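What the coordinates show
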Amino acid sequence: MLKKVLWIAAACAAVLLALAVSRTLNFTGGAPPARPVEEAPAADQAATPAVATNPAPPVQEAAPIAAPTPDELQVQEDAAATGMTTMEPAEPTPAEDPPT
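Residues numbered from 1 in each chain as written. Predicted model: local features only at pLDDT ≥ 70, side-chain atom pairs only at ≥ 80, totals over all residues. Heavy atoms only, no water.

1. Focus: the overall build of the protein chain
We apply this condition: Per the convention used, a helix needs a DSSP run of H or I reaching at least four residues, while a strand needs a run of E reaching at least two, with both numbered from the N terminus. Residue-level accessible areas treat just the shown protein chains as cover; the underlying method is Shrake-Rupley with a 1.4 Å probe.
A tally of regular secondary structure across the protein chain gives four helices and zero strands. N-terminal to C-terminal, the α/β element order of the protein chain is α-α-α-α. Put simply, the protein chain shows about 10,500 Å² of open surface, and 65% of that area lies on carbon and sulfur atoms.

2. Overview of a nonpolar patch on the surface
Rules: In this analysis, a patch consists of residues with relative accessible area above 30% that form no salt bridge, clustered at 9 Å for like charges and at 5 Å for the nonpolar side chains Val, Leu, Ile, Met, Phe, Trp and Tyr. In the sections that follow, a salt bridge refers to a side-chain nitrogen of Lys or Arg positioned within 4 Å of a carboxyl oxygen of Asp or Glu.
On the surface, a cluster of nonpolar side chains totalling about 480 Å² of accessible area is made up of Met-1, Leu-2, Val-5 and Leu-6. Relative to the helices and strands, Leu-2 is located in helix H1 (residues 2–24).

3. Considerations on the confidence of the model for the protein chain
Just so we agree on the cut-off: Known as pLDDT, the predictor's per-residue confidence is scaled from 0 to 100.
When pLDDT is averaged across the protein chain, the result is 76; 60% of the residues are at 70 or more. By mean pLDDT, helix H3 (residues 50–53) is the weakest element of the protein chain at 56, and H1 is the strongest at 93.

4. Side note on helix H4 (residues 70–82)
Rule in force here: A helix is expected to reach a length of 1.5 Å times the quantity of its residues less one.
For H4, spanning 13 residues, the distance from its first C-alpha to its last is 18 Å, which sits close to the expected 18 Å at 1.5 Å a residue. Backbone geometry just downstream of H4 places Gly-83 in the positive-phi region, at approximately 80 degrees.

Pasting the structure below:
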């Protein structure tokens, strides 16, 4: 039993050693490429409000809601019959008496 524990401990130590070595080595081949520096906008460009440069999108009117099809009505009726609606019942159901 002690030999098994020692083998497991040695394997864990080997894995940790390999992890430590891999963290110190640089496998990417060099420094990461530098990003190009972006210049800040000029003061006169920054002073212009965004509303003046971007026109407002056209307002679209909402389409009228169509009447449900017979299939949709059947689905709604089936859902109501099985209690799969999100509406709360109008009257709370009386609680059953606990068994005596």
